[in-house]
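So you can see what is in the structure, the chains are spelled out below.
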Amino acid sequence: MTNLKSHLRFTNQQRGGILLLLVTILILLCVLFFVDFSSEEKLDLNSPEVLALQSKLDSIKAITVESKKPKIYPFNPNLITDYKGYTLGLTAEEIDRLFKFRAEGKWVNSISDFQNVTKVSDSVLAKISPYFKFPDWVNNPKSAKNDFKDFKAQKFTGPRTDLNTATKEQLIEISGIGEALSNRIIEYRNKLGGFSDDSQLYSVYGLDATVVQKALERFTVKTPKPIQKININKASASDIATITGLNFELAKKIWEFRKLRDKISSLDELENVDGLTAKKLAEIKLYLSTE
């Protein structure tokens, strides 16, 4: 008890300090309880200033979205590639119909021809047809008729050069291959480590099938790069995805297709894989086997 009393004994100076502290706490509690610290001015979302700012933000957002959309430039619908068709809104089936039509040596010469061949919807056709740019022998058949015949009649008859050693200058000599495409062919060849088969030239982005046929009259693969084929019946999705030009998503679909059937007897069965076009199948057949 004596010890407790000793703790409660304060000097006059200590008592004054305790009293001042209690008064300060009491004042602060009163201020917190009675004073409203919320902002007196509330933001009016319908004010002209706010609406003007919102309009500016919406305009900037619309410009940003528009700038990110792929731009469409005039193009020849006969030369559409897989990627080009995808960006235009065509389905894989519609693109395949066009490829099949072109493989027969036929040409699309009008907007109606394009729709008849591809079966594309009216809405998509209305969006892309203003950008169709047909060759001169379509737009001016009389004046360009002889030029087109000359182009078709040209045929190289000399010894063919090895496609794996062809230079940029040699490639440019082919009608339809300019500086950009010749660079692209060489870059693709370097990516592969060398061509293994003539058919791989069709996989070069932007290279039309007709131009490829002209190029193969002058060039051929004489020193093919060996291909270690992948057994489709034993490969994992990751194994299949190592094939050049094949993404993992499509490789997984091929693997799942094989798993459902237990075994693939012929690579032609892969035609039924969703999203695998005839052109893409022809490309990957070089790298696959069934045993």
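Residues numbered from 1 in each chain as written. Predicted model: local features only at pLDDT ≥ 70, side-chain atom pairs only at ≥ 80, totals over all residues. Heavy atoms only, no water.

J.: When you look at the environment of Asn78 in this model, what are you seeing that I'm missing?
T.: Looking at the secondary structure, you find Asn78 in the loop between helix H3 (48-68) and helix H4 (82-88). Residue Asn78 is classed as buried on the basis of its relative accessible area of 3%. Through-space distance from the C-alpha of Asn78 to that of Arg102 is 7.4 Å; in sequence the pair is 24 residues apart. For Asn78, the side chain forms a polar contact with the main-chain nitrogen of Val108, separated by 2.6 Å. (Helix = DSSP H or I, 4+ residues; strand = E, 2+ residues; numbered from the N terminus. Buried < 20%, exposed > 50% of the residue type's maximum accessible area, 1.4 Å probe, protein only. Polar contact = N/O pair within 3.5 Å; in protein donor to acceptor, adjacent residues only side chain to side chain.)

J.: What's the story with the layout of surface pockets in this structure? I'm lost.
T.: Empty space left among the atoms is revealed by rolling a probe the size of a water molecule over them. Within this model, the largest pocket holds a volume of roughly 1500 Å³. Forming the walls of the largest pocket are 47 residues, and the residues nearest its centre are Asp82, Thr277, Lys279, Lys280 and Glu283. Sorting the residues of the lining of the largest pocket by element identifies H4, helix H5 (92-103), helix H11 (179-192), helix H12 (209-218), helix H14 (248-261) and helix H15 (278-284) as the ones contributing at least two each. Top contributing element to the lining of the largest pocket by residue count: H5, with seven residues. When the residues that make up the lining of the largest pocket are grouped by side-chain class, the tally is 21 nonpolar, 13 polar and 13 charged. (1 Å grid on protein atoms, 1.4 Å probe; cavity = no way out; pocket = protein on both sides within 12 Å on 5 of 7 lines; lining within 4 Å. Points joined across faces, edges and corners; volume = space filled by probe spheres on them. Nonpolar A, V, L, I, M, F, W, Y, C, P; charged D, E, K, R; others polar.)

J.: What exactly am I supposed to notice about H11 here?
T.: Since there are 3.6 residues in each turn of an α-helix, residues three or four apart along the chain are aligned in direction. Here H11 contains 14 residues, and its C-alpha end-to-end distance of 20 Å stays within 8% of the 20 Å for a straight helix at 1.5 Å per residue. Taken together, the buried positions of H11 are Leu181, Ser182, Ile185, Ile186, Tyr188, Arg189 and Leu192. Within H11, the buried residues cover an arc of 160° as seen down the axis, which keeps them to one side. Turned more than 90 degrees away from the buried face of H11 sit Glu179, Ala180, Glu187, Asn190 and Lys191, all of them exposed. Taken together, the buried residues of H11 touch helix H10 (168-172). Positioned one or two residues after H11, Gly193 has a phi angle of 85°, which is positive. (Expected span 1.5 Å × (residues − 1). Arc of directions from axis to C-beta. Contact = heavy atoms within 4.5 Å.)

J.: Any chance you could explain the packing of aromatic side chains here in plain terms?
T.: Centre distance and the angle of the planes are the two values used to describe a pair of aromatic rings. Evaluation of the coordinates by the stated rule reveals two aromatic pairs. With a centroid separation of 4.9 Å and 65° between ring planes, the pair formed by Phe114 and Phe132 is classed as edge-to-face. Here the residue Phe114 occupies a position in helix H6 (residues 111-118), and Phe132 occupies one in the loop between helix H7 (122-128) and helix H8 (136-139), the gap between them amounting to 18 residues. There is no split in this pair, since Phe114 and Phe132 are both buried. The cationic tip of Arg102 hangs over the ring face of Trp107; the distance from NZ or CZ to the ring centre is 4.3 Å. Against the face of Phe257 rests Arg261, its NZ or CZ located 3.6 Å from the ring centre. (Phe/Tyr/Trp six-rings, centres within 6.5 Å; stacked < 30°, edge-to-face > 60°. Lys NZ or Arg CZ within 6 Å of the ring centre and 35° of its normal.)

Structural measurements only, silent on function.
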